[in-house]
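# Structure at a glance
The chain contents come next:
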Amino acid sequence: MLTLENVSAGYGSFQVLFGVSLEVKAGESVAVIGPNGAGKTTLLRVISKLIDATAGEIRMEGRSLNAVPAHEVIGLGIAQVPENRRLFPRLSIEDNLKMGAYLPAARARFAERLEMVFALFPRMKERHAQLAGTLSGGEQQMCAIGRALMSGPKLLLLDEPSAGLAPVVVQAIFEVVRKMSAEGYTVLIVEQNVRQVLKVVNRAYLLETGRIKSSGSAAELLNSSEIRKAYLGI
Amino acid sequence: MKYAALALLAAAPLLGMGNYPLHLLIMCVLWGYVYTSWSVMGRLGMVSFGHGAFMGIGAYVVVMAWNHYGLSPWIGAPIALVLTAIVALLIGYPCFRFKIVGHYFALVTLALSEVTRLIIVALRDQTGGSLGVTPNTALAETSYSLGALQFSSKLVWFYVILAFWLGGLWIWKKVDESMGRLALEAISQEEDAAASIGINVTRLKLRVTLISALMTCMGGVLYAQYQAYVNPETVSGIGISLQMVFGAIAGGMFVRLGPTVGAVFTLLLAEGLRLWFGNLYHGLDLTVYGLMLVLFIIYMPKGILGAATQAWEKRRGGVARAA
């Protein structure tokens, strides 16, 4: 579904990604793991076209994203849950969700998808009129995921969904991720919480200093000595 | 209730109002319209210190077209609108495309209004420079000229300007009712996230900037024709741009009538200062503006009408709960 071929990117003269190649197949859930500063967030920003790749090619279902502006990415079926949620803090939960269904095609199915999101996150229904900025971290994460789902995406990009959350909330969020991939969503998730994320995805890539260091099925990576030593502390 | 208040306002000048109160009333409505125009974009996080430029273009282009080329304001005004649109796009597009927001946007627009003033002053052979200029009168033998858009009767001007003010409020409502409103709100809160959910940030911002700039330009046209005198200080430059910002914030830019309340407030304040201190302390009104702007932002960020509405709703809510 999504392919990256030798993608390089950065900010000004500061290069972050060096020829990254990866693939996400339909129905799969894939994680990109790696330490702080490895370029994980940059990787998602370049896929959602918030920054441009300086080299290489990104393709969604065969179509090149290189010349696509940021606001058209979602129309191709890629929805992003950005780092730190990036909700619209002074809009209500319901308005945030409404904005997720901003495109005309999504607007037509607004009511139906709202029900689906409320079923996935009953808390969102309870608090639908509350301003998003006043929610707790975990609730904000749910709202951000809900907002992304409102567009009916083919591919969901998740940027560090566990960041800054209490351990019990982290578990709940990963449970949601697992549920979504079980329901057939294609998910690309970027995470530092290696142990948790490898439990819920099919495959993973290890990104270090802007380069893919290794890849494999979640089970393979969980058992690889390199990962166990560096990331799991075993 | 709403219509009764409007009818009262419309009928007020007919109840034998003196010339000076009528002039004040007209100015309140005119500036109410201009502040409303500013707030159309200002309340969505695009705080412009450059609207003096648009007003200046409106005022000067009609007067110049009439005085130098004999072109009626009916032709001059469209020319001014086109020029305003070009300037707004030239400033807006790069700002929005390259995500110049907040303070930086304010700075860019600040330069715009001052540049416009300086151009008017520099072209003094055509514009009269800082002394200002008067449109050649068409009222030598008649009391009105539709072609020259000149009327000796203040009453006519009152209704013309009242119509524009109502039109401005109508546009405000239309913007509010469109899906764009929520999108613009989203942009002002989280621009990247807004782009990620499919909002064409640059285009939406440009659209609302154009609406606001064109409305303000018409304010300049009306001002020039009504006052029959324009001066770079009173229609462009930092002073007038700051006054728009202050008026809108003081009145409350998040409620529809807020900017108008702000206009009444600033006009009465300016007139009051003039009465109390005369012309003794030139520039005192600007000093007081600055001081009050700070006080308003700290203690009444929603403005007079915004705070009043909030207090009223709170009280009503309290009563409802008690009952």
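Everything that follows concerns the structure shown earlier in this document.
Below, the structure is looked at part by part. (Residues numbered from 1 in each chain as written. Chains lettered and ligands numbered in written order. Predicted model: local features only at pLDDT ≥ 70, side-chain atom pairs only at ≥ 80, totals over all residues. Heavy atoms only, no water.)

### Overview of unusual backbone geometry
Most peptide bonds take the trans form, and the phi angle of most residues other than glycine is negative. Residues and elements named next belong to chain A. The phi dihedral of Lys49 is positive, around 65 degrees, even though this residue is not glycine. Note that Lys49 resides in the loop between helix 1 (40-47) and strand 4 (55-60). Phi at Thr209 takes a positive value of approximately 40 degrees, unusual for a residue other than glycine. (Helix = DSSP H or I, 4+ residues; strand = E, 2+ residues; numbered from the N terminus.)

### Some remarks on the side chain of His71 of chain A
Following the sequence through the fold, His71 of chain A ends up in helix 2 (residues 70-73). With relative accessibility at 17%, the residue His71 of chain A sits in the buried group. Only 3.1 Å separates the side chain of His71 of chain A from the side chain of Asn200 of chain B, close enough to count as a polar contact. Not counting residues up to four positions away in its chain, the partners in contact with His71 of chain A are Ala195, Gly198, Ile199 and Asn200 of chain B. (Buried < 20%, exposed > 50% of the residue type's maximum accessible area, 1.4 Å probe, protein only. Polar contact = N/O pair within 3.5 Å; in protein donor to acceptor, adjacent residues only side chain to side chain. Contact = heavy atoms within 4.5 Å.)

### A short note on the environment of Phe18 of chain A
Residue and element names in this part refer to chain A. Locating Phe18 in the fold gives a position in strand 2 (residues 14-24). For Phe18, a relative accessible area of 29% corresponds to the partly exposed category. In this structure Phe18 touches Val7, Ser8, Thr209, Gly210 and Arg211, once residues within four positions along its chain are discounted.

### Regarding the sheet that holds strand 5 (residues 63-64) of chain A
Residue and element names in this part refer to chain A. Ordered by their spatial adjacency, four strands build an open sheet running 2-1-4-5, and the pairing between neighbours is antiparallel. Of all the strands in the sheet, the pair left with one neighbour each is strand 2 and strand 5. In the sheet, strand 1 (residues 2-11) pairs with strand 2 via seven bridges, with the strands oriented antiparallel. Residue pairing across strands places Ala9 opposite Leu17, the latter belonging to strand 2. Here helix 1 sits on the sheet in contact with strand 1, strand 2 and strand 4, set at roughly 110 degrees to strand 1. (Pairing = 2+ DSSP bridges. Axes fitted to C-alpha atoms, helices over the stretch in contact; angles between N-to-C directions.)

### A word on empty space enclosed by the protein
All names here are of chain B. Taken as a whole, this structure holds one cavity of 30 Å³ or more when the rule is applied. Within this model, the largest cavity holds a volume of roughly 60 Å³. Around the largest cavity, the lining residues are Met41, Ser48, Gly50, His51, Phe54, Ala88, Ile91, Gly92, Phe105, Thr109, Leu112 and Thr209. The set of elements that each furnish at least two residues to the lining of the largest cavity consists of helix 3 (51-69), helix 4 (73-97) and helix 5 (102-122). Taken together, the residues of the lining of the largest cavity sort by class into six nonpolar, six polar and no charged. (1 Å grid on protein atoms, 1.4 Å probe; cavity = no way out; pocket = protein on both sides within 12 Å on 5 of 7 lines; lining within 4 Å. Points joined across faces, edges and corners; volume = space filled by probe spheres on them. Nonpolar A, V, L, I, M, F, W, Y, C, P; charged D, E, K, R; others polar.)

### Digging into the interface of chain A and chain B
Bring the parts together and some accessible area is lost; that lost area is often taken as the interface size. Contacts between the two partners involve 20 residues from chain A, matched on the other side by 18 residues from chain B. A combined buried area of about 1,800 Å² lies between chain A and chain B, and 66% of that area is made up of carbon and sulfur atoms. For chain A, the biggest contributors to the area lost against chain B are His71, Phe88 and Tyr102 of chain A; these three give 33% of the whole. Inspection of the chain A/chain B interface yields two salt bridges. For Glu190 of chain B, the salt bridge goes to Arg86 of chain A, with nearest N and O atoms at 3.5 Å. Seen at the junction of chain A and chain B, the total is four residue pairs in polar contact (both at pLDDT 80 or more). Elements that contribute at least two residues to the side of chain A that touches chain B include exactly helix 2 and helix 3 (93-100) of chain A. No other element matches the four residues that helix 3 of chain A contributes to the side of chain A that touches chain B. Broken down by class, the residue content of the side of chain A that touches chain B amounts to 10 nonpolar, three polar and seven charged. (Buried area = accessible area lost by both parts, 1.4 Å probe. Salt bridge = Lys/Arg side-chain N within 4 Å of Asp/Glu carboxyl O.)

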